[in-house]
Amino acid sequence: MTAFTARIAEIRTEASGVKSFVLQRDSGADFPEWQPGAHIDVVLAPGLSRQYSLCGDPADRQMLNFAVLREPASRGGSERLHDAVAPGDTLTIEAIRNNFPLVAAEETLLIAGGIGITPLLTMAEALDRQGKRWRMLYGGRTGGSMAYLERLARHGENVAVRPEDAHGLLDLAGFIGAYRPGKVVYCCGPEPLIKAVEAWCASWPEDALQIERFRPKEQAPGIIDSAFEVELKRKGIVVAVPADQTIADALEAVGVHIPRSCNEGTCGTCVTKLLDGEPDHRDSFLRPKQRAEGKRIMVCCSRALSPRLVLDV
Ligand code: FES
C-alpha cells in the first residue's frame, strides 16, 4: 500500500489523557478497506512513525478514527499528537496493516488494559454484529482514565469494566478460566497485563492467545551487543553489522533498503526471510512458534547469536 494523506476533521477527548482523532480525505475518496484489529502507521516526523489501532466503524470508508494516550514518558508520538496538531492539519499515513485479526472461534474473550481498548472495541462490535459469543474484561487505573465506556455500555453484561482504584487488579483467572477447544483470548494493554495473560495461558495452544504490543518488549538488563555479519544471499554480498548499529541501518549504509516503520520491533514491516544463522530476536512481533521456526527476523532491532546470519535479500 502506498502512503496517503488525510485531514484531521475532529479531535475529541475520550477520557483523561486520551484524545481521539477523526481523519477524512478532502478528495472524498474512500479510505482503504480495513478489518477490526487493524492499525495505521502515522508519520509524525521524518523517521518517526507510530502505530495506532483503528477504532471507528470499518463499514464507514469515509473516515478513520484512532485514539492516543498521552504517555508520561512519550517517545515523541503521543506528545506530538496531543500538543502539536489541530483540526485541519494533515497527517501522512504510511499504511493500514492488520497484525491482530479476529480468527474464527466459538467463544472470544477480549482483555483490554487502558488504551489497549482500541483494537478490542472494534472486535467487540464486529462480534456483536455477527451474533458471536464473546465477553470483554476492561481494566484501567480509574474510571475517568478509561475511554469508550459509553460505547461499551450498550453491550450490557458482555463487558466487565474494572477500574483498578475500585476493583483492584483484574481477575484474569476468573475471567479466562480453563482452556477448551474453540476458546480464543485476545489481549492488548500494558506489558504487565500482557505478561500475566501470557502466564495464565502458557500451556494453551499458541493460536488460542492473540496478543498485540505497541511498545517494544523490555530487553534483559546487562546485554552487551556485539558485531556480526549478514550475508545477503541474492545480492551475493556480506555486510558487517557493528555493535552499535542495527542490521537495517548497516544495510542502508551500503544502499540496501529494507522497508521499516516503527524501528522498534512492534509493527512487522521489516520482517525478512532468514536462511541460516542463529538470530537473537529482540522484537515483540513474532510469535513463539515463528521464533522457534527460525525463518524470519525483524531487522530493525534483532541481532545475531552466531557470527553470521544469511538473509534472503
Ligand atoms: S520496523 Fe517495525 S518491526 Fe521493524
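(A) Up close: the environment of His-257. For His-257, the position within the fold is in the loop between α7 (247-253) and β14 (271-276). Classification of His-257 as exposed rests on a relative accessible area of 54%. Measuring from C-alpha to C-alpha, the distance between His-257 and Cys-270 comes to 10.0 Å, with 13 residues separating the pair along the chain. In this structure the side chain of His-257 is engaged in a polar contact, spanning 3.2 Å, whose partner is the side chain of Glu-252.

(B) Seen up close, the layout of surface pockets. Of the volumes computed, that of the largest pocket is approximately 1,200 Å³. Forming the boundary of the largest pocket are 47 residues, of which Gly-113, Ile-115, Gly-189, Pro-190 and Glu-191 lie nearest the centre. Of all the secondary-structure elements, those providing two or more residues to the lining of the largest pocket are β4 (48-53), β5 (64-69), α1 (77-83), α2 (117-129), β8 (134-140) and α6 (191-200). If one sorts the elements of the lining of the largest pocket by residue count, α6 sits on top with five residues. Split by residue class, the lining of the largest pocket holds 19 nonpolar, 15 polar and 13 charged. Volume-wise, the second largest pocket comes out at about 630 Å³. Every residue lining the second largest pocket is counted, 27 residues in all, and those nearest its centre are Ile-211, Phe-285, Leu-286, Arg-287 and Pro-288. Looking at the lining of the second largest pocket, the elements with two or more residues in it are β11 (209-212) and α8 (288-293). Mapping the lining of the second largest pocket onto the domain boundaries places at least three of its residues in each of domain 2 (107-212) and domain 3 (228-311).

(C) Spatial organisation of the sheet that holds β11. In spatial order, the strands read β9-β8-β7-β10-β11; together these five strands make up an open sheet with parallel pairing. Each edge of the open sheet is held by one strand with a lone partner, namely β9 (159-163) and β11. Taking each pair of neighbouring strands and ignoring which way they run, the sheet shows an average axis angle of 10°. Direction of pairing for strand β10 (residues 183-188) relative to β11: parallel, over a ladder of four bridges.

(D) Fine view of unusual backbone geometry. Although it is not a glycine, Tyr-148 sits at a positive phi angle of roughly 65°. Judged by its relative accessible area of 6%, Tyr-148 falls in the buried class.

(E) Region of interest: the pairing of strand β13 (residues 237-241). Direction of pairing for strand β12 (residues 228-232) relative to β13: antiparallel, over a ladder of five bridges. The residue bridging Phe-228 from the neighbouring strand is Val-241, located in β13. In this antiparallel pair of consecutive strands, β12 and β13, the connection spans four residues, and Gly-236 shows a positive phi of 70°.

(F) Broad picture of the domain arrangement of the protein chain. With domains assigned, the protein chain is organised as domain 1 (4-97), domain 2 (107-212) and domain 3 (228-311). Placing a centre on the C-alpha atoms of domain 1 and another on those of domain 3 gives a separation of 29 Å. In this assembly, nine residues from domain 1 lie in contact with eight residues from domain 3. Counting the contacts that link domain 1 with domain 3 gives zero salt bridges. If you look at where domain 1 meets domain 3, you find five residue pairs in polar contact (both at pLDDT 80 or more). Those elements giving two or more residues to the side of domain 1 that touches domain 3 turn out to be β3 (39-45), β4 and β6 (90-97). With three residues, β4 is the largest single contributor of residues to the side of domain 1 that touches domain 3. When grouped by side-chain class, the residues that make up the side of domain 1 that touches domain 3 number no nonpolar, four polar and five charged.

(G) Structural view of the sheet that holds strand β18 (residues 308-311). Reading across the sheet, the five strands line up as β13-β12-β18-β14-β16 and stay open at both edges, with mixed pairing between neighbours. For this open sheet the edge positions go to β13 and β16 (296-298), each flanked by a neighbour on one side alone. Along the sheet, successive strands turn relative to each other by an average axial angle of 40°, direction set aside.

Cut-offs applied
- Sequence order sets the numbering: in each chain, residues are counted from 1 along the sequence as written.
- In view of the model being predicted, local features appear only for residues whose pLDDT reaches at least 70, and side-chain atom pairs are presented and counted only at 80 or more, with totals across whole chains, interfaces and linings using the full set of residues.
- Heavy atoms from the whole structure form the basis of all side-chain values; hydrogens and water molecules are not counted.
- Runs of E in the DSSP output that reach at least two residues are strands. Runs of H or I that reach at least four are helices, and both are numbered from the N terminus.
- Exposure classes here rest on a 1.4 Å probe applied to the protein chains alone. A residue is buried below 20% of its type maximum, exposed above 50%, and partly exposed in between.
- A 3.5 Å cut-off defines polar contacts: any pair of N or O atoms within that distance qualifies, except that in protein one atom must be a possible hydrogen donor and the other a possible acceptor, and neighbouring residues in sequence count only when both atoms are side-chain atoms.
- Both cavities and pockets are sets of points on a 1 Å grid over the protein atoms alone; in a cavity a 1.4 Å probe fits but cannot get out, in a pocket the set is open with protein on both sides within 12 Å along at least five of seven lines, and lining residues sit with an atom within 4 Å of a point.
- Grid points are joined across faces, edges and corners, and a volume is the space filled by probe spheres set on the points.
- Amino acid classes used here: Ala, Val, Leu, Ile, Met, Phe, Trp, Tyr, Cys and Pro are nonpolar; Asp, Glu, Lys and Arg are charged; the rest, including Gly, are polar.
- Domain start and stop points were drawn from an automatic or database domain assignment.
- Paired strands are those between which DSSP finds at least two bridges.
- The axes used here are C-alpha line fits, helices contributing only the stretch in contact, and every angle between their N-to-C directions lies in the interval 0 to 180 degrees.
- We call two residues in contact whenever any of their non-hydrogen atoms come within 4.5 Å of each other.
- Salt bridges are counted wherever a side-chain nitrogen of Lys or Arg sits within 4 Å of a carboxyl oxygen of Asp or Glu.

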